[in-house]
Amino acid sequence: MTTLTTTAPPVAARRVTPLAAVRQTMTLAWRSLVQIKHNPWELLDLSIQPIMFLLLFTYVFGGAISGSTGDYLQFALPGLLVQNALFYTLSTAIGLNTDITKGVFDRLRSLPIARSAPLLGRIIADTAKQVWAFALLIGFGMVLGFRVTTSVVGLLGALALLVVVALAMSWMSVLIGLKASSPEKVQMIAFSTMMPLTFTSSALVPAATFPSWLQAWSDVNPVTHLADAIRGLLIGGDVARAALVSLVWAAGFAVVFAPLAIRAFRSRV
């Protein structure tokens, strides 16, 4: 009596042209954006949280920190833009982890699409949401009294710099999302990373008020340089050095974390 053993033929390696890969990536990015229509709470979360932080910091801490809420709003809004952008990279990590743990990526992997399309599609969609959050905070800040005292070029430059740095730092969140075993652990790990970075910087308070040992850390904190650059682009001040340091930090994050994230992505899917 013999046992018949059958082996499934190997799956042929998918061959996708660069143009098709771009088209598939944009399709999956659109999928992530269209999901908002079926889950309006995601848009509310993206909109309400930044406004809530803006109101709380301006009217609860503004008088104590700057002497008046108007002066503090002028100082803090650029920092809140940075804080919101960096915290929103957590949604990329949570979304990726959720798609993987729920088997969405397994279904996508069975399709003749580029393996990178689901990952890049998610990142591009979340970048579009970053633009929405930026416009929302600027618009609501102007209602409260914030004024861009530079120019439209400065405003667009602030948006471009913020998106570039947030996109580079999102690779760290992507790595966390791919390595963690559940969305809850993603949130815990990523939040524990982003919270110290933002609150030990000059994003929300002048670094000169810190103890000397904390000032030393704040001087090298990438969030400090990004907040100073965004503040300079919106209300005036030294921009060149802070923007250059921010871009160097962005390049460092991308060089270190992007390869690690891509390797982790390939091992998961």
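Computed from a predicted structure; not experimentally measured.

Chemist: I'd like a rundown of the side chain of D99, residues and numbers included.
Modeler: Tracing the chain through its elements places D99 in helix α3 (residues 69-101). Within polar-contact distance, the side chain of D99 engages the side chain of R122 at 3.0 Å. Setting aside residues up to four positions removed in sequence, D99 forms contacts with R31, V104, F105 and R122.

Chemist: Could you give me a rundown of the layout of surface pockets, with the residues and numbers involved?
Modeler: Any empty space left between the atoms is revealed when a probe the size of a water molecule rolls over them. Size it by volume and the largest pocket reaches roughly 690 Å³. What lines the largest pocket is a set of 29 residues, among which D45, Y88, L90, S91 and I94 lie closest to the centre. Those elements that provide at least two residues to the lining of the largest pocket are α1 (18-38), α2 (40-66), α3, α5 (117-144) and α7 (183-199). With 10 residues, the single largest contributor to the lining of the largest pocket is α3.

Chemist: Kindly report on the side chain of Q74, identifying the contributing residues and their values.
Modeler: Within the secondary structure layout, Q74 lies in helix α3. The class for Q74 is buried, based on a relative accessible area of 19%. Setting aside anything within four residues of it in sequence, one finds Q74 in contact with G145, F146, R147, T149 and I235.

Chemist: Describe in detail the packing of α5 against helix α6 (residues 152-179), supporting the description with residues and values.
Modeler: The axes of two packed helices give the description: the angle between them and the distance between them. Their axes nearest at 10 Å, the elements α5 and α6 cross at an angle of 140°. Here α5 is positioned oblique relative to α6, judged by the angle of their axes. Of the two elements, α5 crosses α6, and the hand of that crossing is right-handed. For the pair α5 and α6, the contacting residues are L119, L120, I123, T127, Q130, V131, F134 and I138 in the first and L155, A158, L159, L162, V163, A166, L167, S170, W171 and V174 in the second. Residues of the contact of α5 with α6, tallied by class, amount to 15 nonpolar, three polar and no charged.

Chemist: How would you sum up α6? Please name residues and give values.
Modeler: Helix length check: α6 (28 residues) gives 41 Å between terminal C-alpha atoms against 40 Å at 1.5 Å per residue, within 8%. The largest bend along α6 reaches roughly 25° and is located at W171.

Chemist: So, the packing of aromatic side chains: which residues are in play, and what are the values?
Modeler: In this structure the tally under the stated criterion is seven aromatic pairs. Between F253 and F257, the aromatic rings sit 5.8 Å apart at their centres with planes inclined by 20°, giving stacked as the arrangement. Linking F253 with F257, this pair stays in helix α10 (residues 240-268), spanning four residues, or about one helical turn. With a relative accessible area of 10%, F253 lands in the buried category. Three or more aromatic residues link up through ring pairs in this structure, and these residues are F53, F57, F61 and F199. Sitting above the plane of the F75 ring, R231 keeps its charged end 3.9 Å from the centroid.

Chemist: For the packing of α3 against α7, give the residues involved together with the corresponding values.
Modeler: Where α3 contacts α7, the two axes come as close as 10 Å, and the packing angle between them is 165°. For the element pair α3 / α7, the angle class is roughly antiparallel. Between α3 and α7 lies a crossing whose hand is right-handed. From α3, Q83, L86, F87, T89, L90, A93, I94, N97 and T98 reach across to α7, where they touch P183, V186, Q187, A190, F191, M194, M195, T198 and F199. For the contact of α3 with α7, the class distribution of residues is 12 nonpolar, six polar and no charged.

Conventions adopted
- Residues numbered from 1 in each chain as written.
- Predicted model: local features only at pLDDT ≥ 70, side-chain atom pairs only at ≥ 80, totals over all residues.
- Heavy atoms only, no water.
- Helix = DSSP H or I, 4+ residues; strand = E, 2+ residues; numbered from the N terminus.
- Polar contact = N/O pair within 3.5 Å; in protein donor to acceptor, adjacent residues only side chain to side chain.
- Contact = heavy atoms within 4.5 Å.
- 1 Å grid on protein atoms, 1.4 Å probe; cavity = no way out; pocket = protein on both sides within 12 Å on 5 of 7 lines; lining within 4 Å.
- Points joined across faces, edges and corners; volume = space filled by probe spheres on them.
- Buried < 20%, exposed > 50% of the residue type's maximum accessible area, 1.4 Å probe, protein only.
- Axes fitted to C-alpha atoms, helices over the stretch in contact; angles between N-to-C directions.
- Parallel < 35°, antiparallel > 145°, perpendicular 65-115°, else oblique.
- Left-handed = near helix turned anticlockwise from the far one by under 90°.
- Nonpolar A, V, L, I, M, F, W, Y, C, P; charged D, E, K, R; others polar.
- Expected span 1.5 Å × (residues − 1).
- Bend = angle between axes of the 7 residues up to and from the residue.
- Phe/Tyr/Trp six-rings, centres within 6.5 Å; stacked < 30°, edge-to-face > 60°.
- Lys NZ or Arg CZ within 6 Å of the ring centre and 35° of its normal.

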